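A closer look at the structure
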Amino acid sequence: MASRRRARTFLVPELIAKKRDGQPLSEEEIAFLVTGFTAGAVMAEQMAAFAMAVLFRGMSPRETAALTLAMRDSGTVIRHRGLRQRAVDKHSTGGVGDKISLCLAPLVAACGVAVPMVSGRGLGHTGGTLDKLEAIPGFRTDGSVAAFRDQVRELGCALFGQTAEIAPADKRFYALRDVTGTVESIPLITASILSKKLAEGLDGLVLDVKVGSGAFMKTREDARALATSLVRTGRKAGVAVSALLTDMDAPLGHAIGNANETREAFAVLHGEGPADVRELMLALGVEMLRLGGERSRAQARRRLEAALSDGRALAKMEAIVAAQGGDPRVVGEPDRLAVAPKGVVVPAPRRGFVRRIESKELGLVAVAMGAGRTRSDQAVDPAVGITVHAKPGDAVAEGSALATLHVRSRRNTAALRDRVAGAFSIGARRPAPRPLVLEAIRR
Ligand code: URA
C-alpha cells in the first residue's frame, strides 16, 4: 500500500527567529506558516512578528515565490477547463483616476484573449475598479467562482470581486500588515498581489506599477524593484508576467469618482475621452495581447485599434454589463450614469501653466466627498467626484476652471475647494512633458 507523506511540523517561534536572524526559510517552512495561519493554528501575533522580520530581513526570490504559492493555495485556484484562448489579466498598483480596467478588459477580450479579472475596492486615496463598476445600475460583482468561470468561457471576460474562496490567507495577512506597519515590504507586497491574481487561473499577467505622488511607490527605483520582484516571482510560479512603470504624478484622465470615471472609460471605448487614458489602455493592451500569443507589438496595437473603431470593444462591454445584471444601455449612453446635482468650480488663482498636480490630495478630497472610504465597511456615493479641467502643461487664465467638484450640496464645500486649489502648482513656464509609460520590465 502506498504511504501518504505527512507534512512536517515546525515550531513557529523558531521559524520567526530564523527569519529575524537573517536565515532563509525553506518552502516547507513557509507553507507551514501560511497553512497554519489560514487554519487558525498560527496566531496573529506570530504572523505579525514574522511580517516584521521579513520587512527588516527581506526574502530571497525563492522564498518570495514560496510565500506567493502558499498564499495562492490557501483557497480556490480557478481552472478554466475548455477555454480555447489564453487567459491574461492586468493589475494596477493603484492611482488616482485609474479607470483603465473598465475599458481595457472588454477591449482585450474583443481581440480574442480571455480576461478573467478579479478586482478590489478603493481604500485610502486610490479608487477601486469594483466601486466604479457598481456605479452601473444593477451591476453585480459578487458572483460565485463557478459563475465567474462560466462567464469567462462564454464571453471571454468577467469582472468580479474577490470572494472569500480566493487567497483567504492574503486577506487576513494584509489586514494584519495594515495595522502593524508592515505593508512596505517588497516580498510581502509581491506575494499579496500575485497570490490573488494567480488564483484566477492565468496564463499571463500585465502589471501597471504606478510611480509618483499619487502612487504607492513614490520613486522610480522603488517601483522598479517592485516590478522586478513581481515579474520574477510570477515567472517562478509558471505565469508569464510583464510590467510597465507608469506616471502617477498627475491623475489619469480628467475624471475622479466612481460614475464619473466609468463615464470616462466608456467614452474611451467610443473612441473619445482623454488621450492619456487611451494611450495607457493601448500600451497595456499591447502587453496583454503579447502574453496572449501575439508575436508583433505593432500588430497587437493594430488589432486593438480595430476592435475599438469597429465597435467590438463596446459590444463586448455591453455583453459583460448585461451578463452581470447591469443596464447595458449605459455603455452606449454614458450620460445615464449618476452625476451629483451641484457643481463647485475651483478657479485658478493666477495665470500661468499647470506645473504639477498633487494627485494624492485630489484622491483624498474625493474620499472626503464620499467617493471613497476610510474604513473597509463604508459605502461610497457613485455620483460625487472631481473633474480636472487643467492638466500639467496646460495654460490657465486667472479665474479659469482648474477643476469642478460634483457634490450633493454646495454647503461646507469651501474647505474642499481650497484643498483642490492647493493641489495645483501654477508657474510662469510650461513644464517639460512627462512620458506616461516610463519603462517596461519583461524579464
Ligand atoms: N496591494 C495588495 O494587494 N497588497 C499589498 O500588500 C499592497 C498593495
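Residues in contact with the ligand, as listed here, are Tyr174, Arg177, Ile189, Ser192, Ile193, Lys196 and Phe216. Residue Arg177 places a side-chain N or O atom 2.9 Å away from an oxygen atom belonging to the ligand. In this structure, Ser192 approaches the ligand through a side-chain N or O atom, which is 2.6 Å from a nitrogen atom. Here the ligand, which alone exposes 240 Å², has 84% of that area covered by the protein. At the level of elements, helix 8 (168-178) and helix 9 (186-198) are the ones that each hand at least two residues to the shell around the ligand. Residue classes in the shell around the ligand are distributed as four nonpolar, one polar and two charged.

Let us now look at the sheet that holds strand 12 (residues 424-427). In spatial order, the strands read 10-8-12; together these three strands make up an open sheet with antiparallel pairing. Only two strands of the sheet have a single neighbouring strand rather than two, namely strand 10 (395-396) and strand 12. With two bridges connecting them, strand 8 (residues 352-357) and strand 10 associate as antiparallel partners. Each residue of the ladder has a partner; that of Phe353, found in strand 10, is Ala395.

Attention now goes to unusual backbone geometry. The phi torsion at Ala167 lies on the positive side, around 40°, for a residue other than glycine. Locating Ala167 in the fold gives a position in the loop between strand 3 (157-161) and helix 8. If you check the backbone angles, Asn412 has positive phi at about 60° while not being a glycine. Using a relative accessible area of 73% as the deciding quantity, one classes Asn412 as exposed.

Scanning the model with the defined rule gives three aromatic pairs in all. Here Phe10 and Phe32 contribute two aromatic rings whose centre-to-centre distance is 5.4 Å and whose plane-to-plane angle is 75°, an arrangement assigned as edge-to-face. With Phe10 in the segment before helix 1 (12-20) and Phe32 in helix 2 (residues 27-39), the pair connects residues that are 22 residues apart, well separated along the chain. Looking at Phe10, the relative accessible area reads 15%, which means it is buried. Residue classification places Phe32 among the partly exposed residues on the basis of a relative accessible area of 22%. Residues Phe37 and Phe173 carry aromatic rings whose centres are separated by 6.1 Å and whose planes lie at 70° to one another, so their mutual orientation is edge-to-face. Of this pair, Phe37 sits in helix 2 while Phe173 sits in helix 8, and the two are 136 residues apart along the sequence. The ring of Phe37 carries the charged tip of Arg172 above its face, separated from the ring centre by 4.1 Å.

Once that is clear, we can look at the nonpolar core. Looking at soluble globular proteins, one finds that nonpolar side chains tend to be buried together. Ranked by internal contacts, the top residues of the largest apolar core, which has 80 residues, are Met281, Met317, Ile386, Leu405 and Val420. Ranked by size, the runner-up nonpolar core spans 25 residues in total, among them Ile30, Leu33, Val42 and Leu176.

Here the focus is the sheet that holds strand 9 (residues 385-388). The antiparallel open sheet is built from four strands, whose spatial order is 6-9-11-7. Looking along the sheet, the strands with just one partner apiece sit at the ends: strand 6 (255-256) and strand 7 (342-347). Sheet topology note: the strand 7/strand 11 (residues 401-407) ladder contains six bridges and is antiparallel. Of the residues in strand 11, the one forming a bridge with Val346 is Ala403.

Criteria and cut-off values
- Residues numbered from 1 in each chain as written.
- Predicted model: local features only at pLDDT ≥ 70, side-chain atom pairs only at ≥ 80, totals over all residues.
- Heavy atoms only, no water.
- Near = heavy atom within 4 Å.
- Polar contact = N/O pair within 3.5 Å; in protein donor to acceptor, adjacent residues only side chain to side chain.
- Areas by Shrake-Rupley, 256 points an atom, 1.4 Å probe, with all protein chains shown as cover.
- Helix = DSSP H or I, 4+ residues; strand = E, 2+ residues; numbered from the N terminus.
- Nonpolar A, V, L, I, M, F, W, Y, C, P; charged D, E, K, R; others polar.
- Pairing = 2+ DSSP bridges.
- Buried < 20%, exposed > 50% of the residue type's maximum accessible area, 1.4 Å probe, protein only.
- Phe/Tyr/Trp six-rings, centres within 6.5 Å; stacked < 30°, edge-to-face > 60°.
- Lys NZ or Arg CZ within 6 Å of the ring centre and 35° of its normal.
- Core = buried A, V, L, I, M, F, W, Y, C linked by side-chain atoms within 4.5 Å.

Remember, this is a structural readout, not a statement about activity or role.
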